[in-house]
Amino acid sequence: MRTESSYGWLVAADPVRRARLAADVERLFEAGGPAPGLPAGPRGFLDFETEMLVGRYVSSPRPLFARLPFDYRLVPSPVRVVGLAMLDRLHGAGTVADYPAWPLEPRLDDFRAGLWAEAAARAGISLTVPSYREGHRGAVVLTHDIDSRADIGGIAGIRGLERGYELPSSVGFVPEISWPDQEVIEGLISDGCEVYCHDIRHDGKLAYKSSSAARSDFDRFLDKHEAARPLLRGFRSGQLLMTSGLLGSLENWFEYDLSLPDTERGGPYGPRAGCGTVYPFLVGGLLEIPLTMPQDFYLINVEHCDSAQMLSVWRDKLESVLSRGGVAVVNTHPVWTNPKRAGVWAAYDGLLSTIVSSDAWVTTPSRLREWLLGRRGGLDGPASQT
Ligand SMILES: [Zn+2]
């Protein structure tokens, strides 16, 4: 499995110069020794980057709840949160490297940017500041995972709020649990939104199935929903669980994946896990678009934030991502973010209001992918290393 960060596409538009700089980055990295502040990894930069972006995450130990013989969601949420806190203590923050830090983990992105800047200076080439369609300094993708059938009813409220700011969002449905009528899907599309496939059963097991069992799950679902098939371009795994087997096979059905957090604390993979970047990257032909904004669930149940604290964490992270020309991906769940939870609702409203005044391109994953691949020169275009 080989990755390619979109960072090079953003700072070096010309593919010939980009390929030259990428080769120079490799040489600089090999000559420079271990990357300061980052975990150890392979000697070549592309191999090292692949290890940081996906290798570490997909080799996380399988979480206990993913091995339970019953649906983990039957365990009440407060009990799960206590379980997560115990896991956190077991790992002990001092006994593992402080990587990735939460809520900001800039070390890999800073290190990569430093290598590119050094290579460009030596070659007498100037890099461009990352920018997106119409010159926006960063991008935002709003997503909503619909984990239960009851959550479908919450979509209208959240879309009403977003529509007030003229913002599109993307909605993920679980095939075996919350797959809606085709009218719901078409209504979202005509509203400028997008839909994606969110896991299959959301039982924590998909990532750990054999490739043939996972393949038959996807094929069965897509055969059953012929009408939705052309509209479904992307995927997000339940609980963001991912293995190399699942990640490597997703491009058989999808163009993008939304499963990897840049940094997550107290999730199924313990005190800290994530790909450590705010730039989307290719995994083969699949565009991985990291989840870079803390999820509502964690801010409420793990960090115990009140409304003002939620908004503050979101605003700081948004500014951090946009200021380096990355993509801020937000995931809110109607079960947590709804008008009955006034504090959370106000925080989300505040986030949307901040986004519209932030010079960000607010878009959907497919439009972002199309634009980014256009910058690269297409999927079959020149790779960053020749
Ligand atoms: Zn979910």
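The coordinates are above.
Residues numbered from 1 in each chain as written. Predicted model: local features only at pLDDT ≥ 70, side-chain atom pairs only at ≥ 80, totals over all residues. Heavy atoms only, no water.

**Student:** Just checking my understanding: could you explain the overall build of the protein for this structure?
**Tutor:** If you tally the helices and strands in the protein, you get 13 helices and ten strands. Sorting the 386 residues of the protein into buried and exposed places 57% on the buried side. Taking as baseline every contact in the protein between residues at least 6 positions apart, the subset at least 24 positions apart corresponds to 76%. Counting every atom, the protein has about 15,400 Å² of accessible surface; 54% of that belongs to carbon and sulfur. (Helix = DSSP H or I, 4+ residues; strand = E, 2+ residues; numbered from the N terminus. Buried < 20%, exposed > 50% of the residue type's maximum accessible area, 1.4 Å probe, protein only. Contact = heavy atoms within 4.5 Å. Areas by Shrake-Rupley, 256 points an atom, 1.4 Å probe, with all protein chains shown as cover.)

**Student:** Please explain the coordination of the zinc ion as it appears in this structure.
**Tutor:** Each angle at a metal carrying four tetrahedral donors should ideally be 109.5 degrees, and each at a metal carrying six octahedral donors should ideally be 90 or 180 degrees. Surrounding the zinc ion are the protein donor atoms D147 (OD), H198 (NE2) and H202 (NE2), which sit 2.1 to 2.2 Å from the metal. Here the donor residues for the zinc ion map to a single chain with the spacing D-x50-H-x3-H. (Donors = N, O, S within 2.8 Å, 3.2 Å for Na, K, Ca; no water.)

**Student:** How should I be thinking about unusual backbone geometry in this particular structure?
**Tutor:** Glycine aside, the phi torsion of most residues is negative, and most peptide linkages are trans. At the junction of Y99 and P100, the peptide bond is cis and its omega measures out at -10° in the coordinates. Secondary-structure assignment places P100 in the loop between α4 (77–91) and α5 (107–123). Of note, the amide linkage connecting W102 to P103 takes the cis form, showing an omega dihedral of 0°. Within the secondary structure, P103 sits in the loop between α4 and α5. Unlike most non-glycine residues, H202 shows phi in positive territory, near 55°. Mapped onto the secondary structure, H202 falls in the loop between β4 (194–198) and α8 (211–224). Positive phi is not limited to glycine here, since D359 has a value of about 55°. Of note, D359 is situated in the loop between α12 (342–356) and β10 (360–363).

**Student:** Explain the pattern of salt bridges to me, please; I cannot follow it from the model alone.
**Tutor:** Any two side chains of opposite charge can pair if their charged atoms end up close together. In this structure the tally under the stated criterion is 23 salt bridges. Among the ionic pairs, E49 bridges to R112, the shortest N-O distance being 2.5 Å. Note that E49 is positioned in helix α3 (residues 45–58) and R112 in helix α5, a separation of 63 residues in sequence. Classification of E49 by relative accessible area gives buried; the value is 2%. We classify R112 as buried; its relative accessible area is 1%. Here R159 and D191 are joined by a salt bridge, their closest N and O atoms 2.9 Å apart. (Salt bridge = Lys/Arg side-chain N within 4 Å of Asp/Glu carboxyl O.)

**Student:** I tried to follow the side chain of E264 on my own but got confused; where do I start?
**Tutor:** Relative to the assigned elements, E264 resides in the loop between β6 (256–257) and β7 (281–283). With no salt bridge to any partner, buried E264 finds its closest opposite charge in R236, at an N-O distance of 8.9 Å. Among the polar contacts listed, one links the side chain of E264 to the side chain of Q295, at a separation of 3.5 Å. The residues contacting E264, other than those within four sequence positions of it, are W102, L240, P271, R272, A273, Q295 and Y298. (Lys, Arg positive; Asp, Glu negative; His and termini not counted. Polar contact = N/O pair within 3.5 Å; in protein donor to acceptor, adjacent residues only side chain to side chain.)

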